[in-house]
Amino acid sequence: MSKAMSKAKGFKKSKSGLYLSMATTAFGAVNVVKQARKARVESDTLRLIDAAVSATAIVTGLAILYRELKRLGDDDVLLG
């Protein structure tokens with residue numbers, strides 16, 4: 001494994017990497033909201049279901065990232 005790959009894997013497990021992952025995941029929620037609104041306007045049940053499933057995946061992803069932050073022993077006031 002190259003040195004760059006090793007650094008990248010280390011960043012993903014760092015607090016900064018987890019915060020970046022959380023922000024990226026949360027940003028995906030914007031697209032899900034747009035998709036859900038469009039589906040409602042067009043009465044497209046299948047797209048509405050897709051938006052709901054995507055929203056569930058985002059919530060689950062954020063919960064997993066939050067758990068990883070807690071495991072790192074983050075002293076951030078927001079995390080308690």
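Refer to the structure presented above.
These numbers come from a predicted model, not from an experiment.

A. Structural view of the overall build of the protein. Broken down by element type, the protein carries three helices and zero strands. Counting helices and strands in the order they occur from the N terminus, the protein gives α-α-α. Across the 80 residues in the protein, those meeting the buried criterion constitute 15%. Long-range contacts, defined as pairs at least 24 residues apart, comprise 58% of the intrachain contacts of the protein with a sequence gap of at least 6.

B. Molecular detail of the pattern of salt bridges. For the coordinates displayed, the defined rule picks out two salt bridges. The partner of Arg47 in a salt bridge is Asp44, with the nearest N and O atoms 3.2 Å apart. Accessibility expressed as a relative area gives 44% for Arg47, which makes it partly exposed. Overall, Asp44 belongs to the partly exposed group, its relative accessible area being 23%. The residue Arg71 makes a salt bridge to Glu68 at a minimum N-O spacing of 3.2 Å. Of this pair, Arg71 and Glu68 both sit in helix α3 (residues 45–71), three residues apart, roughly one helical turn.

The rules behind the values
Residues numbered from 1 in each chain as written. Predicted model: local features only at pLDDT ≥ 70, side-chain atom pairs only at ≥ 80, totals over all residues. Heavy atoms only, no water. Helix = DSSP H or I, 4+ residues; strand = E, 2+ residues; numbered from the N terminus. Buried < 20%, exposed > 50% of the residue type's maximum accessible area, 1.4 Å probe, protein only. Contact = heavy atoms within 4.5 Å. Salt bridge = Lys/Arg side-chain N within 4 Å of Asp/Glu carboxyl O.

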